[in-house]
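Spelled out, the chains give:
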Amino acid sequence: MSERAAPFYCPYCGDEDLHPSEEGHGSWECRACSRAFRLKFLGLLAPGTARSAPSPSAVPSASDGGTP
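Residues numbered from 1 in each chain as written. Predicted model: local features only at pLDDT ≥ 70, side-chain atom pairs only at ≥ 80, totals over all residues. Heavy atoms only, no water.

## Quick look at the overall build of the protein
Here is step 1 of the chain: Across its full length, the protein carries zero helices and three strands.
Here is step 2 of the chain: Helices and strands in the protein line up, N terminus first, as β-β-β.
Here is step 3 of the chain: The 68 residues of the protein split such that 15% are buried.
Here is step 4 of the chain: Look at the contacts in the protein between residues 6 or more apart in sequence, and 8% of them connect residues 24 or more apart.
Here is step 5 of the chain: Carbon together with sulfur atoms contributes 54% to the accessible area of the protein, which is approximately 6200 Å² in total. (Helix = DSSP H or I, 4+ residues; strand = E, 2+ residues; numbered from the N terminus. Buried < 20%, exposed > 50% of the residue type's maximum accessible area, 1.4 Å probe, protein only. Contact = heavy atoms within 4.5 Å. Areas by Shrake-Rupley, 256 points an atom, 1.4 Å probe, with all protein chains shown as cover.)

Structure (C-alpha cells):
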C-alpha cells in the first residue's frame, strides 16, 4: 500500500500551509486561516459511471419559473 495522499491546498482559503491534525486519520489543519477539516476517500467509481455536469437544458431558467 502507498502512503496516504495529502491535500495540496486548503479547501477554504487556498493556502498551502497544511499540517496533519492530531484529531485522527484524514484530519488536517490550515495554519493560514486556522481551520481544521477532514478528508475521506469514498472509493473508486465503476467504469462508465463518471458523473458529468448537467446540460444547460436541464438547469431551470427564469423563463420557466426557476431562479436565474
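## Section: the sheet that holds strand 3 (residues 35-38)
Here is step 1 of the chain: With antiparallel pairing, the three strands of this open sheet are ordered in space as 1-2-3. Two strands close off the open sheet at either side, each with one partner strand: strand 1 (18-20) and strand 3. When strand polarity is set aside, the average angle formed by the axes of neighbouring strands in this sheet is 30 degrees.
Here is step 2 of the chain: Where strand 2 (residues 27-30) lies against strand 3, four bridges are found, and the strand directions are antiparallel. Within the sheet, the bridge partner assigned to Ser-27 lies in strand 3 and is Arg-38. (Pairing = 2+ DSSP bridges. Axes fitted to C-alpha atoms, helices over the stretch in contact; angles between N-to-C directions.)

## Focus: the side chain of Ser-27
Here is step 1 of the chain: Here Ser-27 is to be found in strand 2.
Here is step 2 of the chain: Looking at Ser-27, the relative accessible area reads 5%, which means it is buried.
Here is step 3 of the chain: Reaching out from Ser-27, the side chain makes a polar contact with the side chain of Arg-38 at a distance of 3.1 Å.
Here is step 4 of the chain: With residues near it in sequence (within four places) discarded, Ser-27 still touches Pro-20, Ser-21, Phe-37 and Arg-38. (Polar contact = N/O pair within 3.5 Å; in protein donor to acceptor, adjacent residues only side chain to side chain.)

## Observations concerning the pattern of salt bridges
Here is step 1 of the chain: Taken as a whole, this structure holds one salt bridge when the rule is applied.
Here is step 2 of the chain: For the salt bridge of Glu-29 with Arg-31, the shortest nitrogen-to-oxygen distance reads 4.0 Å.
Here is step 3 of the chain: Residue classification places Arg-31 among the partly exposed residues on the basis of a relative accessible area of 48%. (Salt bridge = Lys/Arg side-chain N within 4 Å of Asp/Glu carboxyl O.)

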